[in-house]
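# Results of the structural survey
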2 protein chains.
Amino acid sequence: MTNAALHAPDGATLRLPRPLRLASGATLEDLEIGYASFGRLDADRSNVVLVCHALTGDQFVGDRAGGEKPGWWSAVIGPGRPIDTDRYFVLCTNVLGGCSGSTGPASAGPSGGAHALDFPVITIADMVAAQAALLDALGIGRLLAVIGGSMGGMQALQWATSFGDRMDAVAAIASAARHTPQNIAFHEIGRQAVMADPDWRGGRYAEEGVRPAKGLAVARMTAHVTYLSESALNRKFGRALQDRAAIGYGFDADFQVESYLRHQGKRFVERFDANSYLYITRAMDYFDLAEAAGGRLADAFAGLTARAFIASFTSDWLYPTAESRAIVRALHAAGVEASFAEIESDKGHDAFLLDEPELHRLLAGFLSSTAERRGA
Amino acid sequence: MTNAALHAPDGATLRLPRPLRLASGATLEDLEIGYASFGRLDADRSNVVLVCHALTGDQFVGDRAGGEKPGWWSAVIGPGRPIDTDRYFVLCTNVLGGCSGSTGPASAGPSGGAHALDFPVITIADMVAAQAALLDALGIGRLLAVIGGSMGGMQALQWATSFGDRMDAVAAIASAARHTPQNIAFHEIGRQAVMADPDWRGGRYAEEGVRPAKGLAVARMTAHVTYLSESALNRKFGRALQDRAAIGYGFDADFQVESYLRHQGKRFVERFDANSYLYITRAMDYFDLAEAAGGRLADAFAGLTARAFIASFTSDWLYPTAESRAIVRALHAAGVEASFAEIESDKGHDAFLLDEPELHRLLAGFLSSTAERRGA
């Protein structure tokens, strides 16, 4: 492994040397993992922060192309920022099953065409196992911290369960230790919207040269509403009309909120693979750390020596504060040093991606004190 | 008009003698209104209670076929029940734009085929104007009360605004005086799901012998989730699996909540017209009583002599208590006698249709005291 592959702010891909056995029992061969890294790795490789992305994120968590292209968490990651790349070496991988460099249903299968639905169904634990295998291949043993928001937080919690002895700290923001029936319901609506699109073709749209664009757009619109709070919608749009003085008595986008949602749907289709959307939402729905530990969440964290930071937002109704509190209670029951913050914000679930100074300050302090303690 | 047409527990249809001019400026000719009635009309026609149905409801609010077929509000309406048909004459109409006997997009247009999208876009005020025209045709002048839940509550509030001098009381349950951007967003998702279905055919599915069943099912699934509270979903389903001992690592309905939603979607498609769904959701999105009154909700109720009863449910996140409180404040500001109850329930928006003894007791008392006061 060369340093070129370690330092990859513009992204790199690595083929795992060994097959990966999945939770389902299936085995994936010739797995490729797309990743990106920001900052410099210390000589003793002790400053690695693994950041895990959310459902539709990618590995480009920091700025790339010499700063031309901002990363999806550029408010948090970069020189002098809360996760300071002058100090930490930040690594992020595209999740297994994704569509930004890692093997997923859109990747070529044995026959040459896309795997499509022949791709095995994956879990959050599988995503994390693939990340661990990538770190092995890169020669990175221990992590200073694993950090993520939303589905990234689920991966971070899974890391604490699967590889707790390999990390000093874990942070899960706007996340949950399981998908609730309401979470599952909204994902199922999205999947049904994709699969109802005749251009989905039973998943074989790529080889037939089409795309289930309308179905995927409806799925994205549905998810997007769950990412915003009612008050954010009121503040941003209210009942304001889009480019018109009066309602049009028709089915065009009269209201700004309609126009905005349609735009979100259309933009998403350009950047995301429909089958990846099915697979990743499924992995999230299957996520239930307590159940995997035999029914008691605290048992998922038994023996964990890493310290933990859990944060939620007051207006997040997708992964509400109650879910974060359940994680903190379980961590405490398992004897883990865990701090918790419920952050006042009217921005809903999306707040974890936005400018939230209190979160950023807490995250910076948590990371910094972890590094100092490790140094001591 | 014969008594047979007045007493119609199994439903009847009446063709309005005059065209109806709509809020959009369009005019509808030869309008038919489907309706049903329960109980007996007093000699002085003073015991009429108009019940307005919700988005996907119909006129069969009470039991029909001699009690064989329960109405959608049979817990509330019937002999000895909270809205006692031994005492009151209950009338309910299928809304204008609906698909259960009233003229709507599925009705035959001038060319003989269905109106489809040539049907003019309607408003809640248009629905109410059609109801008033039906009452005129039936020879019913004054109403003891207008009562409704959800979209039925919007109609009731619109009655108070449009025909306040024609009624003694108004009751709006789990309702709102306007559609919020979140309400609009969820409806827009449903409409986009319908219109994304290639079998929608630009609305002309009927003449082409198809139906946008998949799109309409997705729309219904989306709406259905908004009708249930998170706690109701937890209580009813949790993460329980459907007919299996372990997750299936696939895209079948592993979880009971998925199976339930798919079933709700499929059942709905059998009973509801897709274009009606577009038109009625649009009417709801356009609803904003304050805006129609010049910006101040209290002005919508200026001079209203009817008394009012407003109720909300603690776990209703679709039309939350705050929306009901805003109505009550406006009624009080307009000098209207208005009482309000926030009812403890974990059943979400759907609570208005279910067994909620407190609501039923309050509704019975409100109606009974209105009748006594009128009698005095």
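Calculation rules
As a convention, each chain's residues are numbered from 1 in the sequence order in which they are written. Chain labels run from A onward and ligand labels from 1 onward, assigned in the order the entries are written. In keeping with the model being predicted, local features are shown solely for residues with a pLDDT of at least 70 and side-chain atom pairs are shown and tallied solely at 80 or more, while totals for entire chains, interfaces and linings include all residues. To obtain the side-chain values, all non-hydrogen atoms of the structure were included, while hydrogens and water were left out. Counting from the N terminus, the helices are the DSSP runs of H or I reaching at least four residues and the strands are the DSSP runs of E reaching at least two. Buried, partly exposed and exposed residues are distinguished by accessible area as a fraction of the type maximum, computed with a 1.4 Å probe on protein chains only: under 20%, between the cut-offs, and over 50%, respectively. Lys and Arg are tallied as positive, Asp and Glu as negative. Neither His nor the chain termini are counted. Here, a salt bridge means any side-chain nitrogen of Lys or Arg that lies within 4 Å of a carboxyl oxygen of Asp or Glu. Should any heavy atoms of two residues lie within 4.5 Å, those residues are considered in contact. Aromatic pairing here means that ring centres of Phe, Tyr or Trp (its six-membered ring) are within 6.5 Å. Orientation follows from the plane angle: under 30 degrees is stacked, over 60 is edge-to-face, and everything else is tilted. Here, a charge over a ring is recorded when the distance from Lys NZ or Arg CZ to the ring centre is within 6 Å and its angle to the ring normal is within 35 degrees. One bridge is not enough; two strands pair if DSSP finds at least two bridges between them. What counts as an axis is a line fitted to C-alpha atoms, over the stretch in contact for a helix, and the angles between N-to-C directions run from 0 to 180 degrees. Each copy is superposed on the other by least squares, with the fit set by C-alpha atoms of residues at a pLDDT of at least 70 in both. Here a cavity denotes a set of grid points, spaced 1 Å apart and computed over the protein atoms alone, in which a 1.4 Å probe fits but from which it cannot get out, and a pocket denotes an open set meeting protein on both sides within 12 Å along at least five of seven lines; residues with an atom within 4 Å of a point are reported as lining. Grid points are joined across faces, edges and corners, and a volume is the space filled by probe spheres set on the points. By buried area we mean how much accessible surface two parts lose on assembly, using a 1.4 Å probe and totalling the loss over both. Pairs of N or O atoms are called polar contacts if they sit within 3.5 Å, as long as, within protein, a hydrogen donor faces a hydrogen acceptor (for residues adjacent in sequence, only side-chain-to-side-chain pairs). Side-chain classes follow a simple rule in which Ala, Val, Leu, Ile, Met, Phe, Trp, Tyr, Cys and Pro form the nonpolar group, Asp, Glu, Lys and Arg form the charged group, and the remainder, Gly included, forms the polar group. Under the convention used throughout, the expected extent of a helix is 1.5 Å for every residue step, that is, one less than its residue count. By convention a crossover is right-handed if, when the strands point away from the viewer, the path from the first strand over the helix to the second runs clockwise.

## Some words on the side chain of Arg220 of chain B
Residue and element names in this part refer to chain B. Within the element layout of this structure, Arg220 appears in helix α5 (residues 213-227). Comment: no salt bridge for buried Arg220; closest opposite-charge side chain is Asp350, at 6.9 Å. Those residues in contact with Arg220 that sit more than four places away from it in its chain are Thr56, Tyr227, Gln264, Gly265, Phe268 and Arg271.

## Regarding the packing of aromatic side chains
For the structure on display, the rule yields 26 aromatic pairs over all chains. Each ring, one from Phe272 of chain B and one from Tyr277 of chain B, has its centre 6.4 Å from the other, and the planes form 90°; the classification is edge-to-face. Like Tyr277 of chain B, Phe272 of chain B is buried. Seen in terms of ring centroids, Phe309 of chain B and Phe366 of chain B are 5.6 Å apart; in terms of plane orientation they differ by 35°. Their pairing is tilted. With Phe309 of chain B in strand β11 (residues 307-313) and Phe366 of chain B in helix α12 (residues 357-375), the pair connects residues that are 57 residues apart, well separated along the chain. An identical accessibility class is assigned to Phe309 of chain B and Phe366 of chain B; each is buried. An aromatic cluster is present here, built from Phe186 and Trp317 of chain A together with Phe186 and Trp317 of chain B joined pairwise through their rings. One Lys or Arg, Arg64 of chain A, reaches over the ring of Phe60 of chain A and ends 3.6 Å from the middle of that ring. Its end group placed over the ring of Phe268 of chain A, Arg220 of chain A keeps NZ or CZ at 4.6 Å from the ring centre.

## Let's talk about the sheet that holds strand β10 (residues 169-173) of chain B
All names here are of chain B. Spatially, eight strands are ordered β1-β4-β8-β5-β9-β10-β11-β12 in an open sheet, and the strand pairing comes out mixed. Each having just a single partner strand, β1 (12-15) and β12 (338-343) make up the two edges of the open sheet. Neighbour-to-neighbour, the strand axes of the sheet open up by a mean angle of 20°, direction not taken into account. Contacts from helix α3 (residues 151-162) reach β5 (48-52), β9 (145-149), β10 and β11 within the one sheet, and its direction differs from that of β9 by about 150°.

## Notes on the side chain of Arg307 of chain B
Secondary-structure assignment places Arg307 of chain B in strand β11. Given the relative accessible area of 11%, Arg307 of chain B is considered buried.

## Topic: the environment of Phe60 of chain A
Residues and elements named next belong to chain A. Structurally, the position occupied by Phe60 is in the loop between β5 (48-52) and β6 (77-78). The exposure class of Phe60 is buried, given its relative accessible area of 11%. Along the sequence, Phe60 and Gly71 sit eleven residues apart, while their C-alpha atoms lie 5.3 Å from each other. When sequence neighbours within four positions are dropped, the list of residues in contact with Phe60 reads Pro9, Asp10, Gly11, Ala36, Phe38, Gly71, Trp72 and Ser100.

## Some words on the relation of the copies chain B and chain A
One copy of the chain maps onto the second through a rotation about an axis and a displacement along it. In the superposition of chain B on chain A (RMSD 0.0 Å, axial shift 0.0 Å), the rotation amounts to 180°. Such a turn and shift between the copies fits a two-fold axis. A high fraction, 100%, of the interface residues of chain B reappear at the interface in chain A, so the copies pair face to face through one surface.

## Points about empty space enclosed by the protein
The full count for this structure, using the stated rule, is one cavity of 30 Å³ or more. Taken as a whole, the largest cavity holds about 100 Å³ of empty space. Lining the largest cavity are 14 residues; nearest its centre among them are Ala193, Ala196 and Asp197 of chain A together with Ala193 and Ala196 of chain B. Taken together, the elements giving at least two residues each to the lining of the largest cavity come down to α4 (181-196) and α5 (213-227) of chain A together with α4 (181-196) and α5 of chain B.

## As for the interface of chain B and chain A
With 53 residues of chain B at the interface, the matching set in chain A holds 53 residues. Between chain B and chain A, the buried area comes to about 4,700 Å², and carbon and sulfur atoms account for 68% of it. Three residues stand out in chain B for area buried against chain A, namely Arg239, Tyr249 and Phe251 of chain B, and they jointly supply 18% of the buried area on that side. For the interface between chain B and chain A, the tally reads ten salt bridges. Taken together, the connections running from chain B to chain A amount to 27 residue pairs in polar contact (both at pLDDT 80 or more). Only α4, α5, α6 (230-236), α7 (256-271) and α8 (274-286) of chain B provide two or more residues apiece to the side of chain B that touches chain A. Partitioning the side of chain B that touches chain A into residue classes produces 28 nonpolar, eleven polar and 14 charged.

## A look at α5 of chain A
Under the 1.5 Å per step criterion, the end-to-end length of α5 of chain A is 21 Å for 15 residues, consistent within 8% with the ideal 21 Å. Here α5 of chain A lies mainly inside the structure; 13 of its 15 residues are buried.

## A short note on the sheet that holds strand β12 (residues 338-343) of chain A
Residue and element names in this part refer to chain A. Taken in spatial order, the eight strands line up as β1-β4-β8-β5-β9-β10-β11-β12 in an open sheet, and their pairing is mixed. Two strands close off the open sheet at either side, each with one partner strand: β1 (12-15) and β12. Strand-to-strand twist of the sheet, defined as the mean angle between neighbouring strand axes without regard to direction, takes the value 20°. Of the pairings in the sheet, the one linking β5 to strand β8 (residues 89-93) comprises four bridges and is parallel in character. When the bridges of β8 are listed, Val49 appears paired with Val90. Where helix α3 (residues 151-162) meets the sheet, it contacts β5, β9 (145-149), β10 (169-173) and β11 (307-313), and its direction lies at approximately 150° from that of β9. Its contacts with the sheet put helix α11 (residues 321-333) on β11 and β12, and the angle it makes with β11 is roughly 165°.

## Here we look at α12 of chain B
Residues and elements named next belong to chain B. The terminal C-alpha atoms of α12, which comprises 19 residues, lie 27 Å apart, in line with the 27 Å expected from a rise of 1.5 Å per residue. Every buried residue of α12 is listed here: Leu359, His360, Leu363, Phe366, Leu367, Ser368, Thr370 and Ala371. As for α12, its buried residues are in contact with β5, β7 (83-84), β9, β10, β11 and β12.

## Observations concerning the pairing of β11 of chain B
All names here are of chain B. Across the seven residues of β11, seven count as buried, placing the element largely inside the fold. Along β11, one buried face is formed by Arg307, Phe309, Ala311 and Phe313 and the opposite face, lined by Ala308, Ile310 and Ser312, is buried too. For β10 and β11, the ladder comprises five bridges, and the chain directions are parallel. When the sheet's bridge partners are listed, Val170 is paired in β11 with Ala308. As a crossover connection, the stretch from β11 through helix α11 (residues 321-333) into β12 is right-handed.

Interpretation in functional terms is not warranted from these geometric data alone.
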